[in-house]
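# Overview (structure and organization)
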Amino acid sequence: MNIFLGITGASGAPYAARLLDELVVAGCEVGLSASSAGIEILATELYGDPALDRATVLERFVGGRGGVTVFAPDDWRAPYASGSAKVDAYVVCPCSMGTAGTIASGTMSNLIHRAASVAIKEGRRL
């Protein structure tokens, strides 16, 4: 299965970590994108240091797991930004209220918003 995992700035980084663990164990191919607020939440809740830089946080979070590809939030060429890509499900975890509102309104300013919009447009699991 091919799964998109978006991480935003809501409290709940342990949920995202557990979800990623389970997806990898299940043999899923995971495309991961984290907003800047999502990075700060991961750094704070998982590693106790909100000042950690993006690369360090993602390196620790992904931890060399096979089958996980990290995409920048502004990577509009990522396969998850297109309805023609074969994606089985899209997850935003944790999902901030700002992200939920942005998705609901149909506006997009990053890959997480765009991927969710594609999921809705294509009638896929979100």
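All of the points below concern the structure found in this document. (Residues numbered from 1 in each chain as written. Predicted model: local features only at pLDDT ≥ 70, side-chain atom pairs only at ≥ 80, totals over all residues. Heavy atoms only, no water.)

## Comments concerning helix α5 (residues 111–122)
The periodicity of an α-helix, 3.6 residues per turn, causes residues three or four places apart in sequence to face the same way. Look at α5: 16 Å from first C-alpha to last across 12 residues, which is about the 16 Å you get at 1.5 Å a residue. Regarding α5, the residues found buried are Leu111, Ile112, His113, Ala115, Ala116, Val118 and Ala119. For α5, the secondary structure elements touched by its buried residues are β1 (2–7), β2 (29–34), β4 (89–92) and α4 (97–105). Residue asparagine 110 occupies the N-cap position of α5, its side-chain oxygen lying 2.9 Å from the main-chain nitrogen of isoleucine 112. (Helix = DSSP H or I, 4+ residues; strand = E, 2+ residues; numbered from the N terminus. Expected span 1.5 Å × (residues − 1). Buried < 20%, exposed > 50% of the residue type's maximum accessible area, 1.4 Å probe, protein only. Contact = heavy atoms within 4.5 Å. Polar contact = N/O pair within 3.5 Å; in protein donor to acceptor, adjacent residues only side chain to side chain.)

## A look at the sheet that holds β1
Here 4 strands make up an open sheet; going across it, the order is β3-β2-β1-β4 and the pairing parallel. Lying at the two open borders of the sheet, with one neighbouring strand each, are β3 (68–70) and β4. Sheet twist, expressed as the average angle between the axes of neighbouring strands with direction ignored, equals 20°. Summarising the sheet, β1 and β2 pair through 6 bridges and their orientation is parallel. Residue pairing in the sheet places asparagine 2 in a bridge with glutamate 29 of β2. In this fold helix α1 (residues 13–25) packs onto β1, β2, β3 and β4, with an angle of close to 165° to the strand it touches most, β1. Contacting β1, β2 and β3, helix α3 (residues 54–62) runs over the sheet at an angle of about 150° to β2. (Pairing = 2+ DSSP bridges. Axes fitted to C-alpha atoms, helices over the stretch in contact; angles between N-to-C directions.)

The values are spatial; any link to function lies outside them.
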